[in-house]
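Here is what each chain is made of, one letter per residue.
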Amino acid sequence: MRLRVAIGADHGGFELKQELIRRLGQNVDVSDMGAHVYDAHDDYPDYVVPVGRSVARGEVDRGILICGSGVGACVAANKIAGVRACVCHDTYSAHQGVEHDDLNVLCLGARVVGVEVATELAVAFLMARFTGEERHLRRLEKVKALEVQPENTDRVEREAAPGESALTDEGIPAEDDEGAEDEQEEADDEEDEDEEEEGEEEGEDEEDDGDIDSEEDGGRKQ
Ligand code: RB5
């Protein structure tokens with residue numbers, strides 16, 4: 001049976017996706033989960049979700065996600081339980097990630113790698129198989145356990161339960177971290193004061209801070 005592969009890309013990866021579908025489609029069954037037309041303003045999570053879910057449900061064997069850097073797609077994909085996604089721009093990681101870590105979604109950055117390297121990465125990823133060795137299984141089980149620990153999903157928002165310490169975003173009990181918070185506030189205040197003084201000395205020399213929007217997006221950030 002041919003390997004089933006779901007593929008998705010935003011505008012940053014659209015062209016590369018089309019070419020990979022042409023190339024990989026000769027040897028594997030590729031399901032194109034969009035974008036189906038180029039849209040300079042589309043958002044990668046819209047393609048990450050169908051690809052990730054179809055991998056997690058076992059409807060396909062592997063997923064490939066492409067955006068500009070591969071990063072956004074990877075971050076989003078790893079929010080889906082059952083998905084193990086990584087940006088791999090070297091062939092060693094692309095196959096070893098599968099062999100040791102049971103990587104099931106490869107993320108690529110079309111602004112980072114060209115079509116030839118992307119093809120080699122995809123082939124290395126698709127040809128690789130999880131070894132199933134005891135030590136890798138043991139680690140995989142520990143990774144899977146992270147998906148079902150409630151403290152990993154509601155730590156920031158939830159109120160402390162009776163008798164339990166509230167946690168800071170860093171996972172530090174809030175009362176232990178009060179000193180650090182005070183110190184940070186003092187440091188911030190000092191920094192603000194310094195900046196104000198500098199501003200007075202330098203005058204109102206306002207500059208664009210380098211946020212460059214490309215022509216193709218009509219000035220809107222992509
Ligand atoms: C889109 O411009 C770009 O931000 C996106 O494709 C991706 O690179 C995000 O990580």
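Criteria and thresholds
Residues numbered from 1 in each chain as written. Predicted model: local features only at pLDDT ≥ 70, side-chain atom pairs only at ≥ 80, totals over all residues. Heavy atoms only, no water. Pairing = 2+ DSSP bridges. Helix = DSSP H or I, 4+ residues; strand = E, 2+ residues; numbered from the N terminus. Axes fitted to C-alpha atoms, helices over the stretch in contact; angles between N-to-C directions. Core = buried A, V, L, I, M, F, W, Y, C linked by side-chain atoms within 4.5 Å. Buried < 20%, exposed > 50% of the residue type's maximum accessible area, 1.4 Å probe, protein only. Contact = heavy atoms within 4.5 Å. 1 Å grid on protein atoms, 1.4 Å probe; cavity = no way out; pocket = protein on both sides within 12 Å on 5 of 7 lines; lining within 4 Å. Points joined across faces, edges and corners; volume = space filled by probe spheres on them. Nonpolar A, V, L, I, M, F, W, Y, C, P; charged D, E, K, R; others polar. Parallel < 35°, antiparallel > 145°, perpendicular 65-115°, else oblique. Left-handed = near helix turned anticlockwise from the far one by under 90°. Expected span 1.5 Å × (residues − 1). Arc of directions from axis to C-beta. Right-handed = clockwise from strand over helix to strand, strands pointing away. Phe/Tyr/Trp six-rings, centres within 6.5 Å; stacked < 30°, edge-to-face > 60°. Lys NZ or Arg CZ within 6 Å of the ring centre and 35° of its normal.

Asks: I'd like a description of the sheet that holds strand S5 (residues 105-109), backed by residues and values.
Replies: Spatially, S2-S1-S3-S5-S4 is the arrangement adopted by the five strands of the open sheet, whose pairing is parallel. Strand pairing shows two members of the sheet lacking a second neighbour, strand S2 (29-32) and strand S4 (85-87), which therefore form its edges. Mean inter-strand twist for the sheet, computed between neighbouring axes without regard to direction, equals 25 degrees. Alignment of strand S1 (residues 4-9) against strand S3 (residues 62-67), held across five bridges, turns out to be parallel. Looking at S3, one finds that Val5 is bridged to Arg62.

Asks: Explain the nonpolar core to me, using residue names and the numbers behind them.
Replies: Counting residues in each nonpolar core, the largest one holds 24 residues, and the members touching the most others are Ile64, Ile66, Leu108 and Phe125. For this core, the secondary structure elements donating two or more residues are S1, helix H1 (14-24), S3, helix H4 (91-101), S5 and helix H5 (115-127). Looking at which element gives the most residues to this core, the answer is H5, with six residues. The residues touching Leu108, leaving out its near neighbours within four places in the chain, are Leu20, Ile64, Leu65, Ile66, Cys67, Ser69, Gly70, Cys88, His89, Ala118 and Leu121.

Asks: Requested: an account of the layout of surface pockets, with residues and values cited.
Replies: Within this model, the largest pocket holds a volume of roughly 320 Å³. Lining the largest pocket are eleven residues, with Asn78, Lys79, Ile80, Leu146 and Glu147 positioned closest to its centre. At three residues, helix H6 (residues 134-147) tops the list of elements feeding residues into the lining of the largest pocket. Tallied by class, the residues present in the lining of the largest pocket amount to six nonpolar, two polar and three charged.

Asks: Tell me what's going on with the packing of H1 against H5, and back it up with residues and numbers.
Replies: The packing of two helices is summarised by the inter-axis angle and the distance between the axes. One can describe the packing of H1 onto H5 by two numbers: an axis separation of 10 Å at closest approach and a directional angle of 55 degrees. In terms of axis orientation, H1 runs oblique to H5. For the crossing formed where H1 meets H5, the hand is right-handed. Every residue of H5 that contacts H1 at Leu16, Glu19, Leu20, Arg23 and Leu24 is listed here: Val115, Glu116, Ala118, Thr119, Ala122, Val123 and Leu126. In terms of residue class, the contact of H1 with H5 is built from eight nonpolar, one polar and three charged.

Asks: Please provide a residue-by-residue account of unusual backbone geometry, values included.
Replies: Keep in mind that most residues, glycine aside, have a negative phi and that most peptide bonds are trans. For the bond running from Gly34 to Ala35, omega is 0 degrees, close enough to zero to count as cis. In the Ramachandran plot, Asp102 falls in the positive-phi region, its phi being about 55 degrees despite a non-glycine side chain. With respect to the helices, strands and loops of the structure, Asp102 is situated in the loop between H4 and S5.

Asks: Tell me what's going on with helix H2 (residues 45-56), and back it up with residues and numbers.
Replies: Structurally, the α-helix is built with 3.6 residues per turn, so residues lying three or four positions apart point the same way. Compared with an ideal rise of 1.5 Å per residue, which puts twelve residues at 16 Å, H2 spans 16 Å between its outermost C-alpha atoms and is within 8% of the ideal. Of the positions making up H2, those classed as buried are Tyr47, Val48, Val51, Gly52, Ser54 and Val55. Seen from one end, H2 has its buried residues packed into an arc of 165 degrees, which puts them on one side. Once H2 finishes, Gly58 follows within two positions and takes phi at roughly 80 degrees, a positive value.

Asks: Lay out the pairing of S1 with the relevant residues and their values.
Replies: Looking along a regular strand, one sees side chains alternate from face to face of the sheet. For S1, the tally of buried residues reaches five of six residues, placing the bulk of the element in the interior. Note: S1 against S2, four bridges, orientation parallel. Pairing of Arg4 across the sheet is with Asp29, part of S2. The handedness of the S1 to S2 crossover, carried by H1, is right-handed.

Asks: Explain the packing of aromatic side chains residue by residue, including any values.
Replies: In the structure shown here, the tally under the stated rule is one aromatic pair. Considering the side-chain rings of Phe14 and Tyr38, the 6.0 Å spacing of their centres and the 70 degrees angle between planes classify their relative orientation as edge-to-face. Separated by 24 residues along the polypeptide, Phe14 in helix H1 and Tyr38 in the loop between S2 and H2 bring together distant segments of the chain. Of the residues examined, Phe14 reaches a relative accessible area of 11% and is grouped as buried. Owing to a relative accessible area of 42%, Tyr38 belongs among the partly exposed residues under this scheme. Its end group placed over the ring of Phe125, Arg62 keeps NZ or CZ at 5.1 Å from the ring centre.

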